[in-house]
Every structure is written in C-alpha cells, then in structure tokens.
There are 2 protein chains.
Amino acid sequence: MPKSIRPDYRKDLEEAARQMILIHRLDTLIKLILKTIIKNLEVTHAGLLLYDKEKDHFVATVSQGKEGFKLPTGFIKVSNRNPIIKYFNTPELQLSKNHRFLISNHVEEFLKSETAKKDKEKKSFFTQLLFQLNLYNAKVSIPGFFRDKLIYVSFLGRKKRKNNFSRKELSFLSVLSSDVVMAIQNAWYFQDLKAQVERNKSLFLQTVRALTAAIEAKDKYTFGHTERVAKYSLGITKEIKKIKRMPNKKWEGLQEDVRVAAFLHDIGKIGIPESILNKNGPLNKDELRIIQEHPLIGSAILEKIEGLNKPTLGIRYHHERPDGKGYPEGLKKDKIPLIAQILSVADSFDAMTTDRPYRKAFSSEKALTIIKENINTQFPELVVKAFFKYCKNNNI
Amino acid sequence: MPKSIRPDYRKDLEEAARQMILIHRLDTLIKLILKTIIKNLEVTHAGLLLYDKEKDHFVATVSQGKEGFKLPTGFIKVSNRNPIIKYFNTPELQLSKNHRFLISNHVEEFLKSETAKKDKEKKSFFTQLLFQLNLYNAKVSIPGFFRDKLIYVSFLGRKKRKNNFSRKELSFLSVLSSDVVMAIQNAWYFQDLKAQVERNKSLFLQTVRALTAAIEAKDKYTFGHTERVAKYSLGITKEIKKIKRMPNKKWEGLQEDVRVAAFLHDIGKIGIPESILNKNGPLNKDELRIIQEHPLIGSAILEKIEGLNKPTLGIRYHHERPDGKGYPEGLKKDKIPLIAQILSVADSFDAMTTDRPYRKAFSSEKALTIIKENINTQFPELVVKAFFKYCKNNNI
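Here goes a summary of the coordinates provided. Keep in mind the model is a prediction, meaning the values are calculated, not measured.

Describing the overall build of chain A
So, step 1. Helix and strand content of chain A: 16 helices and 6 strands.
So, step 2. Compactness check: chain A gives a C-alpha radius of gyration of 33 Å against a globular reference of 21 Å for 396 residues, more than 25% above the reference.
So, step 3. Seen through its principal axes, chain A has C-alpha atoms that stretch 105 × 40 × 40 Å.
So, step 4. Per-residue burial over chain A gives 52% buried out of 396 residues.
So, step 5. With the model as given, the accessible surface of chain A reaches about 20,100 Å², and the carbon-plus-sulfur share is 50%.
So, step 6. Separation of charge centres in chain A, based on 70 positive and 45 negative side chains, amounts to 6 Å.

What follows is the structure, encoded as structure tokens:
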C-alpha cells in the first residue's frame, strides 16, 4: 500500500457517505465531497462541474485547495458540447474501457501516438480536451452517472508527494463516486420538494391577498387597509419577539399566522350589505350591530379549515378589548389571544389614520396619543409597547 | 472467515447503503434493510421496531422471514418502559460495554449467574427482557441511535446453519446499523417535507373554497354552483384523459388547474354590484354588459399570481364559444384554452339545470339536448363528448 494513502480510507468513505446523506444543501455537500478527496488522496486541489437540470448545462461549483480552477467558480457554464462532457458521454471516444476515469497523462500519450497522427479529427478533439483539463488544472477527472445520465464531473489536481495515482486510489475514487451520485440525487429531491413547499406557500399567500384586495375594493373607505394592517401587525410581531425573547421557530409560526390573519381579518365584511359598508355618514344602532357581526362571520367562513385555527382566532377576536367592553364575546385581558391583540392595535391605528365617511384622518401623533391613553382599557399593554417601538424604528 | 458469511459483504453493505438513500418510503426502506440482513447473515427472520416521533413510542413494522414475529406487525405499540427499549436507553443495565448488541444467550447466562441470584430487581428485569425477546423470536437485537436518541431496534432470528453469530457478522451489523440510522433519518426528513407539501396544498384549496363560497353566498341564485361546476369539470377532465390517452403526469397538472379554475371561475362577480347580481327578473342591455365583465375582472384579480396562469386563462375565457360569438374576446375553436372549454360546458349545464330569477330549472335531459344541438357553435365537441360520457357513468 502506498504511503500516501491512509489504510483506513474505507472507514473514511463510509463515514463520508453517511454524512452526505443528511446534507441536503448542494453547496455544503460538494464542499464535503471535495474535502474528503483532498484529505484521502493528498492532492493539491479538487473541483466539480455539476449538472443543472433546468438549464441543461453544467456549472463549475466549489473548488477546494490552493491550486484550484483558473476560472472563477459559479460563473462558468459548460454546455454538453464541451470536450470533457462529450468524452464521458461518448463511450467510443474513451481511451480505456475498464473505467471511465480521464487521466491527463493518458491524453498526452495518445496525442503522441500513431493513431492520433493518422486521425486528424480525433487529434483535434483530444487537443481541445487537454486544453480544457489544463483550464481546471486537472490531472484526473471522474464522472458521476445516475442511470446513464452524467450528473457531475470532478477534477483532481496533482498529488502532493508523488506523480501518479495508484490503483487503490482510483478504486477509492470509484467507490466514492457512486456514493456522491446518490447523495447529489438525494439533495436534488430535497431541493425540489423544498422549492415546492415555498411555491405553495407563496401561491397561498398571493391568492389570499388577491381575493381580499378584491373584496376590499367593494368598501370604498378602506382601500389599502388590509395591506397596512398586515405591515403593522408583522412589525409588532417582530418587536414582541425581542421583548419576549421568543425562540426563532415559535416566532416564525406566529409570524405566519399573523400574516394570514391580517390579510383575512375583515373577510367577514363580505357578509355585510354594500349599503351599510358604503354608507355616507355615521351608522345607526342597527347598522352598527350588523357591522359588528363581521368578526363572527369571518371566523365562521374559515373555522373548518385545518391549518387556519390560529389565524381564525385572530379574526374572531380582533375587536375585543382588555377591559371586556369589546365584541363579539367581551373577553378580558389575557383571555384575548395574542394574535387578536396584535391585529386590534394595528387595525385601530390604521382606522384612526385614514379618512372615514364621518371624519377626516387623524395624524399619526394624535392616533398614538389616543392609543397610549387607552392602554389596558381598549389596548393591551405588551402589544402597545411593541407597536411604539416599531413606530419609533420606522419614523411613524 | 466463517463459511456462512459471504466474503463480499462489504460490497453488499455499500450497495445497500446507496440504495437506501434514495428510498424515501419508510416501509420500502425497512423491507430492504431486513432483506439485506437475512441475505448476508442467513438468519431465519428479521424484524424492526421503529420510533414514532409524533406519538413517542415504538411500532413493530415489517417482519421478513418465515419465523417472524408471533404478534401481528403494525399493531404492536411499544412504550419507552418496555424492557428492550429500557435496556438500550440505560447504559448501566447493559451486559457488555464494548458494543450495544443484546444477545439472548447472554441474558440466559446472566440469569443463571451469582449476580442475578443476589440482585432480585435485576433478575426480574432480565426475566422480563428475555420474555420480550422471545416474543420476537429474537436471538440478537441491535439498536440504532441518531445523536443519542434511540430510533429503532432490530431483531434477528436464529442462524440457519450454526448457533452463534461471529465477530465478523456482528461487525457487519454494526456498520449496517449506522447506515440504517442515516437512511431512516433521511426518509423522515423527506416524509416531513412531503406532508408539508400536502398540508399546504390542502390549505390553499380549502381557503379558496371557503372564500368563494362566502362570495357566492351574496348571489342568492347560485347557491352551490361553484361546487357543482368543480364536480362536473373534474368529471370531464377524467374522461378527456381517457379519450386523449393523456400521460398521468400531464393529466394531474390539468386536473389541479381545472379544480382551482372551477373554484374561482366566478370570482369576478365580486366586482359586480349586488343590485344587478340579485335582480329579480331579466337583465337589461346595460346590466348584461356589466355582468359580462366578470371573466375579465376575475382574471385581473388573479393574473399576477405565479402558479395560477392556467387557471386564470380558464377564468378569463369560460364564456367564449367555438363560433366566436362568446365574450370577452370572441376567440374561436382551438384558440379557446382547453381549461376554459371544460369550464364552459360545466358552467352552462349547471346554469340550465338550476332555477334562475327569470325561469325554472330545466331537466338534465333537456339541458343535455340543448348542449348537443349547439355543438361547435356554443360548445366544443371534445368536451361535450367527455361530458356525455361522464353523465352516462354517473346517471345524470
């Protein structure tokens, strides 16, 4: 066994394969792969061209080691016509049938051979191939196939201590290569699923937003209200996170619920006649009673939807007050869900600072004073504190 | 090397580990694991208790081999107080410190020892432990830990040819165990992500459904219309799949788009005054012009949403006709997107078969006759063909 290869490389391989499974970020995964190669084979550097499914070309990703790519990584796009890609995808071109390694010495030898002198087309191809290998400073290049599809090409620089790679070392690379293929494939699956999760989330939010905007358009006095309530509510939520030192994960959940609740908080107005919503002047007792049904109508529309339980609580109770004088149930203080408390302050502030049929908009200053004067009666203390911090940070 | 263990078991291990990565269904994964064990160690059977994160207990999953569990799999739930689980979770209880295997012979020997005679508590524990091992017909049991957390326990029956497991075999099991832990962890991640995708999809559909139902409730003549149009449209889509021999994947995409489009096809009515929507009697020219704006209003509400491009086309063009006499653009024949053609037939049929302010509902028979008489003028041929098949299959 050559000195430069560690006797326990099997263990390293097993360990690397195991680690690779749980790495679902491609860049982290590739860094680990290249580090494993550099550590076990003691080469000057290693790099990798990874296939990009969407764009049907290869991209130079991370390069590890001091004598790496001469070209900047991440920007190099390599098409299927590139000689290296073509070499691995065309069995007839390959110099050896036993394995699919590409060794730059072999290319150099071939170029001096009689065959090369006779076959000008082949000579030209291998000249270009050698030029490409030199671009990557590559002594050896190894392909990774998943079901006959080339998904990556790795490059290795020169050995630090001796000239050539031993049989053992090439076998190490071959075993590693199969593991790498599986790990990349696995990471791709994850990436696709994660992208799907993100797409669906965004689809949901955008649709809810579009529908509520359309509903809101019927109520001529509240244009843009929903968007502003969402903005204020999310601002309050961020400050509450700091005040309460909320763990990230818990806060992310709260934030998502607050966003959805804010978009949908007035959805119940869909059940209120247009004549009342658009009335030019103050409402009478009966009309007020009808309009005050909107939190209940809203929660009735959404209450059966799994996954909207918390936003629905926000919608139902966003007109409650800490002193119990709110509606629909007259809940007091901490009985009012936090999400509803947040909406309540955001909603009231926006209502005060925009024109209404029966009065002009208040200034932000005046609205903030009113809110301050009504802490613990109309408005919950913690949320007001958070809202004031938010306003200060955003010059409101 | 004992005869019963194959010399190339390393290769088998590597191959199994590679296969495991890409198996994200837990039951398939566990079957592969048990088959690998049975094949390499020539045991009568192998089984596995898998940890259930949600419920914080272990569940007996698949059992392979003829002399398997005496209890039915899938139903056995094993709590953390079970002696086997307790054994692996309590280092002080373990009979050997070199490895964490549990070998039934060792338990039997221990029970005959002086220590056992003196320590009644320990004797009682190991008696129960042996009883449990016998329930699973287990000669050896191996735990799988992920970061100090026990995530599975596997059981092996007796060797087919000799009595005891060799050192090599136990080492095989130990290496395999690390791979299995990673593969299970990977499959769990995958399962969680998939569940999230499904939850989000369902959240989106349920919310759209709830909101459109709420909007529909304003139009007293169309109660249940959206749900019925969705039902008919999906029925038509299924028949079109058969007629056109559509590949599964393409059809699934179409079906999802059709479902969303059907739920949202009348969303533009939100922009039409209630007085026109609920008018008791036929509409005049101006009112008709206003109500005919609803496909354009609907597509305007949704057009900016990525992921709703195709449903939006359906919404925009569901009142077009093959002869070009429809609205809003007077598109002809194949210029009308398939999704809009589908909605058009489903929508018209439901409009005809329900009461309107100005007439009673037609019978299904009469409505189908009218549709047939207007093929290629009002209704597209292929979709009508599919709808008639759907009606026949569902006794409409």
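Some details on the packing of aromatic side chains
Residue and element names in this part refer to chain A.
So, step 1. Counting across every chain of the model gives 24 aromatic pairs over all chains.
So, step 2. With centroids separated by 4.7 Å and ring planes inclined at 50°, the aromatic side chains of Phe110 and Phe126 adopt a geometry described as tilted. Residue Phe110 is found in helix H4 (residues 104-112), and its partner Phe126 is found in helix H6 (residues 120-135); the two are separated by 16 residues along the sequence. A single burial state applies to Phe110 and to Phe126, both of which are buried.

Comments concerning the relation of the copies chain B and chain A
So, step 1. Its rotation angle being 180°, the transformation that places chain B on chain A also includes 0.1 Å of axial translation and leaves an RMSD of 0.1 Å. Those values place the two copies in the arrangement expected of a two-fold rotation axis.
So, step 2. In this assembly the copies share their binding face: 100% of the residues contributing to the interface of chain B also contribute to that of chain A.

Regarding the environment of Arg316(A)
Residue and element names in this part refer to chain A.
So, step 1. Turning to its location among the elements, Arg316 is positioned in helix H13 (residues 309-316).
So, step 2. The spacing of Arg316 and Ile297 is 19 residues in sequence and 8.3 Å in space, taken between C-alpha atoms.
So, step 3. Contact partners of Arg316, with chain neighbours within four places excluded, come to Pro295, Leu296, Ser299, Pro328 and Glu329.
So, step 4. At a separation of 3.1 Å, a polar atom in the side chain of Arg316 contacts the side chain of Ser299.
So, step 5. Only 3.2 Å separates the side chain of Arg316 from the side chain of Glu329, close enough to count as a polar contact.

Structural notes on the pairing of strand S5 (residues 140-146) of chain A
All names here are of chain A.
So, step 1. With 7 of its 7 residues buried, S5 lies for the most part within the structure.
So, step 2. Here S5 shows a buried face lined by Val140, Ile142, Gly144 and Phe146 and a second buried face lined by Ser141, Pro143 and Phe145.
So, step 3. Summarising the sheet, strand S4 (residues 102-103) and S5 pair through 2 bridges and their orientation is antiparallel. Paired with Leu102 across the two strands is Ser141, which belongs to S5.
So, step 4. Here S5 pairs with strand S6 (residues 149-156) via 7 bridges, running antiparallel. Looking at S6, one finds that Phe146 is bridged to Lys149.

A short note on the interface of chain B and chain A
So, step 1. The interface of chain B with chain A comprises 45 residues on the first partner and 45 residues on the second.
So, step 2. Taken over both partners, the interface formed by chain B and chain A buries close to 4,100 Å², and the fraction arising from carbon and sulfur atoms is 73%.
So, step 3. Among the residues chain B hides against chain A, the three largest losses belong to Arg18(B), Leu22(B) and Leu211(B). Together they make up 15% of the total.
So, step 4. Seen at the junction of chain B and chain A, the total is 3 residue pairs in polar contact (both at pLDDT 80 or more).
So, step 5. Those elements that place two or more of their residues in the side of chain B that touches chain A are helix H1 (9-21), helix H7 (167-216) and helix H12 (294-302) of chain B.
So, step 6. The element that contributes the greatest number of residues to the side of chain B that touches chain A is H7(B), accounting for 24 residues.

The rules behind these values
Residues numbered from 1 in each chain as written. Chains lettered and ligands numbered in written order. Predicted model: local features only at pLDDT ≥ 70, side-chain atom pairs only at ≥ 80, totals over all residues. Heavy atoms only, no water. Helix = DSSP H or I, 4+ residues; strand = E, 2+ residues; numbered from the N terminus. Rg over C-alpha atoms; globule rule 2.2 N^0.38 Å. Buried < 20%, exposed > 50% of the residue type's maximum accessible area, 1.4 Å probe, protein only. Areas by Shrake-Rupley, 256 points an atom, 1.4 Å probe, with all protein chains shown as cover. Lys, Arg positive; Asp, Glu negative; His and termini not counted. Charge placed at Lys NZ, Arg CZ, Asp CG, Glu CD. Phe/Tyr/Trp six-rings, centres within 6.5 Å; stacked < 30°, edge-to-face > 60°. Least-squares fit on C-alpha atoms with pLDDT ≥ 70 in both. Contact = heavy atoms within 4.5 Å. Polar contact = N/O pair within 3.5 Å; in protein donor to acceptor, adjacent residues only side chain to side chain. Pairing = 2+ DSSP bridges. Buried area = accessible area lost by both parts, 1.4 Å probe.

Everything listed here is a matter of coordinates, which is why it stays silent on function.
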